[in-house]
Amino acid sequence: MKTRRRLLLALDQGTSSSRSILFDEQARVVSMAQRELPQIYPQPGWVEHDPWRIWQDQLATAREVIATAGVSAHDIAAIGITNQRETTLLWNRKTGEPLHKAIVWQDRRAEPICAELRERGLEALVSERTGLRIDAYFSATKLRWLLDQIPGAQAAAERGELAFGTVDSWLLWHLTEGRVHASDVSNASRTMLFDIKRQCWDHELLAALNIPPSLLPSVYPSAHAFGETTRFGGKILIGGVAGDQQSALFGQACFHPGLAKNTYGTGCFLLMHTGD
């Protein structure tokens, strides 16, 4: 019987590119592949990505690193996903078809919705529940914009026909061929809809934004058995999901309160481990 290698496949879906890296048990890079992700600018302040390009490029780079390394699904112990945070997608649960381009975290089109929420006096509630300020950066108002602007989207959402997710959820959905609609706490906590103390979606905030709960993914810890994919010629566990900046904090070994990191990519991000 062929000896099984214990490799880990990392899927790194970022703002500027989609990358896959295959690691061995000593965290050494076995192979790597990357594809640039085109940016779409419909008008000033708006930034979009093609959802299908995100998925197809991520899938292609993963298949490329497996082929380059000369291994099979049998040799891969698990897949981990790290992704650009806050970028918002909406798709049909039955067909998997996106209803619109992905609205990227940088996009500012939802600022009028944010202004309305501030005028309604919701700043304190949002801060208390989510730890965030009301801002168009986060996913909630991007989702509200999609539901407002796409004809029939609100009604379809209320009928349970649609799914919302950040990029991790979009990749999980397609890796599992629609069997898993999920996210992790690091991504959910950047939607402006997640109660970070109770670790669940906040129904008061959902009601304030008129977002049907049926749209939302299940939320699990970052290290979790999210499901299995058979996209690479055999079953592979998807064992981890984390938003890129939290993932980088861990990757830079900031395991103790007070440690911090900067990453320099599409933007500059400072994160600190604050403890409990």
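Use the structure listed above.
The rules behind the values
- Residues numbered from 1 in each chain as written.
- Predicted model: local features only at pLDDT ≥ 70, side-chain atom pairs only at ≥ 80, totals over all residues.
- Heavy atoms only, no water.
- Helix = DSSP H or I, 4+ residues; strand = E, 2+ residues; numbered from the N terminus.
- Rg over C-alpha atoms; globule rule 2.2 N^0.38 Å.
- Buried < 20%, exposed > 50% of the residue type's maximum accessible area, 1.4 Å probe, protein only.
- Contact = heavy atoms within 4.5 Å.
- Areas by Shrake-Rupley, 256 points an atom, 1.4 Å probe, with all protein chains shown as cover.
- Pairing = 2+ DSSP bridges.
- Axes fitted to C-alpha atoms, helices over the stretch in contact; angles between N-to-C directions.

Undergrad: It is not clear to me how the overall build of the protein should be interpreted in this structure. Could you clarify?
TA: Looking only at helices and strands, one finds nine helices and 16 strands in the protein. Here the protein has a C-alpha radius of gyration of 19 Å; the compact-globule value for 276 residues is 19 Å, and the two agree. Expressed as lengths along the three principal axes of its C-alpha atoms, the size of the protein is roughly 65 × 45 × 35 Å. Within the protein, the proportion of its 276 residues that are buried is 52%. Counting only contacts in the protein whose residues sit at least 6 apart along the sequence, the fraction spanning at least 24 positions is 65%. Surface exposure of the protein reaches about 12,700 Å², of which carbon and sulfur atoms provide 52%.

Undergrad: Is there a simple way to think about the sheet that holds strand S2 (residues 17-23) in this case?
TA: For sheets, the rule is that strands pair by backbone hydrogen bonds, running either parallel or antiparallel. Pairing is mixed in the open sheet, where six strands are placed in the order S3-S2-S1-S5-S14-S13. Of all strands in the sheet, those bounded by a partner on one side alone are strand S3 (29-36) and strand S13 (223-229). Strand-to-strand twist of the sheet, defined as the mean angle between neighbouring strand axes without regard to direction, takes the value 20°. Where strand S5 (residues 76-83) and strand S14 (residues 236-243) come together, six bridges link them in parallel fashion. What sits directly across from Ile-79, in S14, is Ile-238.

Undergrad: What is the right way to look at the pairing of S5 in this model?
TA: The side chains of a regular strand alternate between the sheet's two faces. S5 sits mainly inside the fold: six of its eight residues count as buried. Where strand S1 (residues 7-13) meets S5, seven bridges bridge the pair, whose relative direction is parallel. Across the sheet, Gln-13 pairs through a bridge with Asn-83, a residue of S5.

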